[in-house]
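Understanding the architecture of this molecule
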Amino acid sequence: MVVIAAFVASVFAYSLVSRRLERTVFTAPILFTAAGALLALSTDALNAAELDRHGLLLVAELGLVMLLFTDASRVSLRLLNDRPNLPGRLLSAGMLLTIALGALCAMVVLGQLSWWEAGILAAILAPTDAGLGQVIVNSPLVPQRIREALNVEAGLNDGLSVPFMMFFIALAASQGESSGSGVLTRFLVEQLGYGTLIGLGVGLGGGWLLDRARRKEWMAAGLTQLGVVALPLACVLASEATGASMFIAAFVAGLAAQAGFRDVGRHSVEFTEEWGQLLNYFVFFLFGGLVARAFPEFDLAVVLYAVLSLTLVRILPVAIALAGTGLARSTVLFMGWFGPRGLASIVLGLVYLEKATSLPGAATLRLAVMATVLLSIVAHGLSALPGIRRYALAIAELDTNAP
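Along each chain, the written sequence defines residue order, and numbers are assigned to residues from 1. Local features in a predicted model are, by the rule used here, given only for residues with pLDDT of at least 70; side-chain atom pairs are given and counted only at 80 or more, and totals for whole chains, interfaces and linings are based on all residues. With hydrogens and water stripped out, all remaining heavy atoms of the structure feed into the side-chain values.

1. Section: the nonpolar core
Side chains that are nonpolar tend, in soluble globular proteins, to be buried together. Nonpolar core, defined: a set of buried Ala, Val, Leu, Ile, Met, Phe, Trp, Tyr and Cys residues in which side-chain atoms within 4.5 Å join the residues together. Whether a residue is buried, partly exposed or exposed follows from its accessible area with a 1.4 Å probe, protein chains only, as a fraction of its type maximum: under 20%, in between, or over 50%, in that order. In this structure, Leu110, Ile120, Leu121, Met165, Phe247 and Tyr305 are the most contacted members of the largest nonpolar core, which totals 96 residues. A contact between two residues is defined here by any heavy atoms of the two lying within 4.5 Å. Ignoring sequence-local partners within four residues, the contact set of Ile120 consists of Met165, Phe168, Ile169, Ala172, Tyr352, Leu359 and Leu365. Formed by 18 residues, the second largest nonpolar core is a distinct cluster that contains Leu150, Val332, Phe334 and Ala384.

See the structure below:
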């Protein structure tokens, strides 16, 4: 109750001054992470959070499930068909290079990890956070196509990173086991295969029923949002029963639901922007408490990896992926820097700890994820408004026909 009471008080206090804070560098993730870190002052609260770890994981998983479904449900084929295809470049070559370079840096800097464990870490930290980058994608000073590219990338790369993380976990778990091929086969069938089938079934069936109910005017307009929210929750229940990945199921369901119900994206966004925000804030609040406890364990190697993950591991792949587009150097640097790590990385890190705590490098991965996300919350939050202003000045000197 201490944890819940502190969170409720934080939400109420934030709501009172939220409009004033929009014009400052103090973002919601910064404030809720800081509020959670204050839990370190209460030993009883930290002990309660530790005892209810499974319940906290469930809340975090539901937050990511809703985020994945919402992001997939509002994917616009028009944006993905843009020429040059900026989101496609970031999500293909950019993401693959980010995972590869992230794993390589982990092997060099964090030494004691295996290649598969390094791959797990790189996959956890590959997705960017649309919430942390909200100031960027909402700013009229940033060109629309640049904002859209970053928003689409953040909306899809969390769902795309899940199969990579689960695959590397399966490979790491199969090492030293005689049934290594069986572990991989089970992963492909249960996590990917069942998850995809569940997502297709829930998305196509649910979308068709929602559209039919709307056409026949059976459904009250105010309850359409709840009908849409029930789809990702159905994915969670079906995935738990079959051993499938709820994240893959929710992501596929969001894509599939559009085939039957075109307004699914609008209604899911309405929920996410209202009630879904509570789940996101709660995840950052809990993250702050976890970081406060783990902070004394951070060493130079972990901090160095966090810095590399947010700079070299992000900026170089983005620059390579955007080569040939004609974008100005300032635009490439801007897009490379503003790839914050947040909600998806926190939840994927918790899922990893739940599934693979027996791996030798589990403690190192836990600290690396915490350090990277913490540094991103602070650095990207504080640099957003100044970065936008400097970028606007830089592109103001370009020709009006510049890409």
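2. Concerning the side chain of Thr372
A run of H or I in DSSP becomes a helix once it reaches four residues, and a run of E becomes a strand once it reaches two; helices and strands are each numbered from the N terminus. Counting through the fold element by element, Thr372 comes out in helix H18 (residues 362-396). Judged by relative accessible area, which is 0%, Thr372 ranks as buried. Those residues in contact with Thr372, other than ones at most four positions away along the chain, are Leu125, Tyr305, Ala306, Ser309, Leu310 and Arg341.

3. Examining unusual backbone geometry
The phi torsion at Glu217 lies on the positive side, around 60°, for a residue other than glycine. For Glu217, the position within the fold is in the loop between helix H10 (180-215) and helix H11 (224-242).

4. Digging into helix H2 (residues 28-37)
Among the 10 residues in H2, seven count as buried, and that is most of the element. Within H2, the full set of buried residues consists of Ala28, Pro29, Ile30, Phe32, Thr33, Ala35 and Gly36.

5. Concerning the pattern of salt bridges
Salt bridges, as used here, are contacts in which a Lys or Arg side-chain nitrogen is within 4 Å of a carboxyl oxygen on Asp or Glu. One pass over the full model with this rule turns up four salt bridges. The residue Arg314 makes a salt bridge to Glu153 at a minimum N-O spacing of 2.7 Å. Taken as a pair, Arg314 in helix H15 (residues 312-321) and Glu153 in helix H9 (residues 144-174) lie far apart in primary sequence, 161 residues in all. Neither Arg314 nor Glu153 differs from the other in exposure class; each is buried. Salt-bridge contacts for Asp211 lead to Arg214; the nearest nitrogen and oxygen are separated by 2.9 Å. With a gap of three residues between them, Asp211 and Arg214 both fall in helix H10, about one helical turn apart. Residue class for Arg214 comes out partly exposed when judged on its relative accessible area of 34%. Where salt bridges share partners, they join Asp211, Arg214 and Arg215 into one cluster.

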